[in-house]
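Residue strings, one per chain:
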Amino acid sequence: MIGIDIGGTKTLAALVRIEDGEILHRLLKPTNTNSPELFVQGIIEIIGELIALDISQQPVAIGIGTAGHVDPHLGKVSSMNLGVSKLPLKSLVSEAFGLPVFIDNDCNAGAIGEMYYGAAQGKQHFAFLTVGTGVGVGLVLNGGVYHGKCNYAGEIGHVGIDFDGARCKCGGWGCLENIASGPGMVELMKAELSKGRTSVLELCHANSAQEIFAAARQRDPLCVEIVEQAARALGYSIRNLNNLLDLELVVLGGGIPQAMPEVFVDYLQGYLEKIDNRVNLAASPIVISDLYPDSIVLGAARLVPEKYSVETTSKG
Ligand SMILES: [Zn+2]
């Protein structure tokens, strides 16, 4: 089965053995966001190259997990980062290869990957939270992905956690993404430095979350404060999720938790214990995904209904 993970900067295409989630071949290329036409051309090219890598493994279907807002039924994608609006990606890819295509949002695909091959195996109610350039969540409730009325479920990055907080690009105030995402942390760092706070990172150097993490590891007080604030914001949101949904597990993916697991699991768990309001007594464990980023491409391959993988097995 072919699984595709389309991100704002890179696209990963993988040939997946569905039985055990083994990735037989993989290709990673930059995502072309210069125009919708070039974007589609780039996706078709990477799939074509992947198929050509191993002609003994003729795929029977393609699963796509992509950044942005996705309508899985109409197969349309809208994303400012990808530069597309209501792009009928499902039908375009299907026509190019003469294969059925199944598509969903990347966080939802990641949750499916974790459910079949990762930390959430055997779980019926869990959240797969990715924290990187943005913050998103794939929700599995009663054993299935929860999409909501118009497929907007999971926009946890724009759930307000501070009603006195700064304005967000979404138009709201005090959104989680402005505190816990990579760009959000960089902006907060710059704002503190411009107020005269001191740090080993001078104003011109605080350009990435990785720099903030490196300085936090050296115990730079301001960087430690920014990182712990991100973890608390995330913890607060996880508490809200748990009180609302009564989850069995929260799986963290994305570059931010992976960069400093001691803060994003240990410190965050400690913070949660401190603010625990004892409404939801069955607090769920928080773990960092071992599978990420492959969880997205594996879950994408799993978007393809089982009847197609039965076909593959009987052929092979
Ligand atoms: Zn927002």
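Residues numbered from 1 in each chain as written. Predicted model: local features only at pLDDT ≥ 70, side-chain atom pairs only at ≥ 80, totals over all residues.

Undergrad: How should I be thinking about the environment of V60 in this particular structure?
TA: Tracing the sequence through the fold places V60 in the loop between α1 (36-53) and β4 (62-66). For the pair V60 and N243, spaced 183 residues apart in sequence, the C-alpha to C-alpha distance is 42 Å. (Helix = DSSP H or I, 4+ residues; strand = E, 2+ residues; numbered from the N terminus.)

Undergrad: Would you take a moment to explain the domain arrangement of the protein for this structure?
TA: Domain annotation of the protein identifies domain 1 (2-111 + 293-315) and domain 2 (121-288). Across the boundary between the two partners, domain 1 contributes 10 residues, which contact 13 residues of domain 2. When contributions to the side of domain 1 that touches domain 2 are tallied by element, the ones reaching two or more residues are β5 (69-71) and α3 (106-117). If one sorts the elements of the side of domain 1 that touches domain 2 by residue count, α3 sits on top with four residues. Classifying every residue of the side of domain 1 that touches domain 2 by side-chain character gives four nonpolar, five polar and one charged. (Domains from an automatic or database assignment. Contact = placed C-beta atoms within 7 Å. Nonpolar A, V, L, I, M, F, W, Y, C, P; charged D, E, K, R; others polar.)

Undergrad: Even after reading the chapter, I still don't get the packing of helix α6 (residues 209-217) against helix α7 (residues 221-245), so can you show me in this structure?
TA: Packed helices, taken two at a time, are described by their axes: the angle between them and the distance between them. For the pair α6 and α7, interaxial distance at closest approach is 8 Å and the crossing angle is 115 degrees. With respect to the hand of their crossing, α6 and α7 are arranged in left-handed fashion. In this structure, α6 contributes I212, F213, A215 and A216 to the contact, and α7 contributes C223, V224, I226 and V227. For the contact of α6 with α7, a count of residues per class yields eight nonpolar, no polar and no charged. (Axes fitted to C-alpha atoms, helices over the stretch in contact; angles between N-to-C directions. Left-handed = near helix turned anticlockwise from the far one by under 90°.)

Undergrad: When you look at helix α10 (residues 294-302) in this model, what are you seeing that I'm missing?
TA: The periodicity of an α-helix, 3.6 residues per turn, causes residues three or four positions apart to be oriented the same way. With nine of its nine residues buried, α10 lies for the most part within the structure. For α10, the full list of buried residues reads D294, S295, I296, V297, L298, G299, A300, A301 and R302. (Buried ≥ 20, exposed ≤ 12 C-beta atoms within 10 Å, placed from the backbone.)

Undergrad: So what exactly am I meant to see when it comes to unusual backbone geometry here?
TA: Residues other than glycine predominantly adopt negative phi, and peptide bonds predominantly adopt the trans conformation. Residue P293 is bonded to the preceding Y292 through a cis peptide linkage, with omega at 5 degrees. By the element assignment, P293 lies in the loop between β13 (286-288) and α10. The backbone of R219 shows a phi angle near 65 degrees, a positive value even though the residue is not glycine. Checked against the element boundaries, R219 lands in the loop between α6 and α7. The backbone phi angle of D246 is positive, close to 55 degrees, even though this residue is not glycine. Counting through the fold element by element, D246 comes out in the loop between α7 and β12 (249-253).

Undergrad: How should the sheet that holds strand β9 (residues 126-131) be read in this particular structure?
TA: Within a sheet, adjacent strands bond to each other through the backbone by hydrogen bonds, running parallel or antiparallel. In spatial order, the strands read β11-β10-β9-β12-β13; together these five strands make up an open sheet with mixed pairing. The sheet terminates laterally at β11 (144-145) and β13, the two strands that pair on one side only. Sheet analysis places β9 next to β12, joined by five bridges and oriented parallel. Each residue of the ladder has a partner; that of A127, found in β12, is V250. Its contacts with the sheet place helix α9 (residues 261-275) against β12 and β13, and it is angled at close to 175 degrees to β13. (Pairing = 2+ DSSP bridges.)

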